[in-house]
Structure formats: C-alpha cells, structure tokens
Amino acid sequence: MIRIENLTKVYKKGRNEVTALRDINLRVERGDIFGIIGLSGAGKSSLIRCINRIEEPSEGDIWVNDVNLVTLKDAELRATRKKIGMIFQNFNLLHSKTVFENIAFPLRLTNTPEQVIRDRVNELLSLVELSEKAQVYPSQLSGGQKQRVGIARALASAPDVLLCDEATSALDPKTTKQILSLLKSINRTMGLTIVIITHEMEVIKEICNRVAILEGGMVVEMGDTIDIFSKPGTEATKHFVEQIHQLPTHLMNGKILSLSFTEGSAGEPIISRIIKDFDVEINILSGTIEYIQEKPIGKLIIEAAVDGHQLIDIVDYLEKNHVKVEVLKNE
Ligand SMILES: Nc1ncnc2c1ncn2[C@@H]1O[C@H](COP(=O)(O)OP(=O)(O)OP(=O)(O)O)[C@@H](O)[C@H]1O
C-alpha cells in the first residue's frame, strides 16, 4: 500500500543543513492504522509530509498503491494526491466558509456537479455527525467538531489513505477518544488505510495496529503495537510505553484490579494464596516496578473471574496484607 524506501530529508538554508530523516524504510499495508511516534524534533512531520510530497524528499522513493510519487510530474502528482487525504493538528479550515462549503471545497476544485457535491457532503456530514451544523462557520464549533469537519473534508475525494498530522494534539482527552474512535470506525467500514503521527503513546495504544518509533530522524523500532508494548526493544520505545499505565480495553474481560506492592507486602506469595483460598482463577495482565521517590513499588494488573461478593472479600484480604488495590473494571 505505502512503501517508503531509503527516504532521506535534508533541509538546506544557505550554508546550514539539517538532516531531518535518514534512510527511512517502512511499509504500511492496506487497512493498517499505522502510528509513527517520536519526541519533538524526531522528524515525524517531515516524514508524514514526504508521504504526499507536500515536502520534497531529498533521496529515496515513496510508493503509494504501486505508484512512485517521487517520479511524478505536477499534474500526475495532483491527481494521485486526491487519493491521499490529510488532517492537521490545527484543523486548517477555511474560516470564511460554512462547514458545508469547507467539506465541499475539494470537490469544487475538481468541478464536480452540484448535485453530486450536495449528496456527497450530506453523506459525509452524517458520517461525522454534524448534519445540523452544515450552515455554521468554523468559529462556532468546538475543537472536536472542527476536527470532524477536517476528517469529512479529507474524505470528500474518497481517498485510499488518510494522513493524520498530530490530529488530536490540540484536543482534550475525552474529545481525543471520540476522534480516535471515529477514525477507527472509518478504517473498518471504508477500509481506509490510516497513518498517524503523534507524540502520545495513548493514541498509538488506542487505535494503531502497527507502530514505528522515530528518533533522531531514524526508525529505531517497528512492529505490531501489542509486541512493542509487551517487549519494547529500545530506550526510546520504553519511554513511550511508560506513558501508559492502562491496558488495551480489548484485553479486559473479567474484573480488573491494579495491585501495588510496597516493602511490607512484596515478599508474600499473595496471588497464589488468593487462588487457593478463594478458589478463583487469576490472570496476570501486566507487571511493572515503578520508583516513587527512590522507593520501588511493584505493580501488577490482574484479571479475576469472580462475582461482586468475592471481589469485596479479595480486596479486603489484599488490603489486610498491605497491598494497595484499585479496581480498574468491575462489570
Ligand atoms: N522547514 C524546515 N527548515 C529547516 N529545518 C527544519 C524544517 N522543518 C523541520 N526542520 C528540522 O527538522 C527536524 C525534524 O523536524 P520535524 O518537524 O519533522 O520533527 P517533529 O518530530 O515533527 O517535531 P514536532 O513534534 O516538534 O513537530 C528538526 O530538527 C527541525 O528543526
């Protein structure tokens, strides 16, 4: 679907040169939600902007649907770009145009017939749940609504790929979740391939099936998100994984408890005692050691197949044994 081969990007200004990307190789399969994560200055924006050649690569090839974008002349590039939608951190809406006209804009540029525009825009408005805002101006919308307009506009020309440039960074956590869930549903229902750049592991955790970690303009690790989470191979990856203390929700079936073991409780075989004494099955979902003011605290996240009464008894037992308990899920 997307193949990036030996991509290098050097910015030159006078005698100054900044190498933003060095010999990047990666592959995004059709239907992937592919995350690219890195700290500020890692090269994320440069990379995503090279994918549709808003930024010219200095070296290397960018294949999208078996077309090498690097070889295309202006007219061909413009035609190919229609198949690559993009959304932005600051939404990039036209403030003097209504929501309807913002979404219609790419279709007007290609002289699409009026009736087709009307049908398509109404369909997209309904998809992003903004039908009642069609005649409103962007200044009258919340951040989340603005980004939904951005998504609808990006989808207007029925792209195969959607590039998301820090699309949720300006949004609060709840709105971020809503936008990510919209992207996931578009990915599923339309089969749209999505590439997301972000500095937040939460975004990767929430929707990306594959992830590449970018550091100093290079891909230092790449793989299935679940593997990268369970076995981060580099310091850069660990940094991002540590941002996360919760588990992917699809892993959570029974009651989920987070247990914190301090010095008083660390030596005891508490989990095996619970299994024996309460005759329950315990599934360990994750375990970490955190240091708080240089003191180690072991954290275990467990899943227990128990009813509400057993849960109360188990929490009581744990607390008596100096284990701090937080019930993460009780359904
Ligand atoms: N137009 C430009 N001219 C010169 N240098 C640039 C330009 N754009 C980016 N750079 C440099 O390239 C490197 C990578 O920048 P880039 O914006 O791609 O990183 P980023 O990971 O997206 O960072 P951020 O999260 O802060 O946006 C940085 O050192 C940056 O200063």
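Remember, predicted model here, so these are calculated numbers, not experimental data. (Residues numbered from 1 in each chain as written. Predicted model: local features only at pLDDT ≥ 70, side-chain atom pairs only at ≥ 80, totals over all residues. Heavy atoms only, no water.)

## Section: the sheet that holds strand E5 (residues 67–68)
Next up, step 1: Reading across from one edge, E2-E1-E4-E5 is the order of the four strands in this open sheet, with antiparallel pairing throughout. Whereas interior strands pair on both sides, the edge strands pair on one side only; in this sheet they are strand E2 (16–28) and E5.
Next up, step 2: Judged from the nine bridges that link them, strand E1 (residues 2–13) and E2 form a sheet pairing that is antiparallel. When the bridges of E2 are listed, Ile4 appears paired with Leu26.
Next up, step 3: Packed onto the sheet, helix H1 (residues 44–51) meets E1, E2 and strand E4 (59–64) and runs at close to 120° relative to E1. (Pairing = 2+ DSSP bridges. Helix = DSSP H or I, 4+ residues; strand = E, 2+ residues; numbered from the N terminus. Contact = heavy atoms within 4.5 Å. Axes fitted to C-alpha atoms, helices over the stretch in contact; angles between N-to-C directions.)

## Section: the side chain of Glu55
Next up, step 1: Secondary-structure assignment places Glu55 in the loop between H1 and E4.
Next up, step 2: You can call Glu55 buried: its relative accessible area is 18%. (Buried < 20%, exposed > 50% of the residue type's maximum accessible area, 1.4 Å probe, protein only.)

## So, the site of the ligand
Next up, step 1: Every residue close to the ligand is listed here: Tyr11, Val18, Ala20, Leu39, Ser40, Gly41, Ala42, Gly43, Lys44, Ser45 and Ser46.
Next up, step 2: Residue Gly41 places a main-chain N or O atom 2.8 Å away from an oxygen atom belonging to the ligand.
Next up, step 3: Ser45 places a main-chain nitrogen or oxygen 2.8 Å from an oxygen atom of the ligand.
Next up, step 4: Relative to its unbound accessible surface of 630 Å², the ligand loses 57% to contact with the protein.
Next up, step 5: Listing elements by their share of the shell around the ligand, those giving two or more residues are E2 and H1. (Near = heavy atom within 4 Å. Polar contact = N/O pair within 3.5 Å; in protein donor to acceptor, adjacent residues only side chain to side chain. Areas by Shrake-Rupley, 256 points an atom, 1.4 Å probe, with all protein chains shown as cover.)

## Some points on the domain arrangement of the protein
Next up, step 1: Taken domain by domain, the protein holds domain 1 (2–241) and domain 2 (249–329).
Next up, step 2: For domain 1 and domain 2, the distance between their C-alpha centroids amounts to 40 Å. (Domains from an automatic or database assignment.)

## What about the packing of helix H5 (residues 143–155) against helix H6 (residues 173–190)?
Next up, step 1: The contact between H5 and H6 brings their axes to 10 Å, and the two run at 20°. In terms of their interaxial angle, H5 and H6 are classed as roughly parallel. The interaxial crossing formed by H5 with H6 has right-handed handedness. Where H5 abuts H6, its residues Gly144, Gln147, Arg148, Ile151 and Leu155 lie against Thr175, Ile179, Leu182, Leu183, Ile186 and Met190.
Next up, step 2: Per-class residue counts for the contact of H5 with H6 are seven nonpolar, three polar and one charged. (Parallel < 35°, antiparallel > 145°, perpendicular 65-115°, else oblique. Left-handed = near helix turned anticlockwise from the far one by under 90°. Nonpolar A, V, L, I, M, F, W, Y, C, P; charged D, E, K, R; others polar.)

## A short note on the pattern of salt bridges
Next up, step 1: Throughout the structure, instances matching the rule amount to 14 salt bridges.
Next up, step 2: Between Arg210 and Asp224 there is a salt bridge, and its shortest N-O distance comes to 3.2 Å. Placement of the pair is Arg210 in strand E9 (residues 210–215) and Asp224 in strand E10 (residues 218–224), with a sequence separation of 14 residues.
Next up, step 3: Residues joined in a network through salt bridges with shared partners are Arg3, Glu5 and Asp66. (Salt bridge = Lys/Arg side-chain N within 4 Å of Asp/Glu carboxyl O.)

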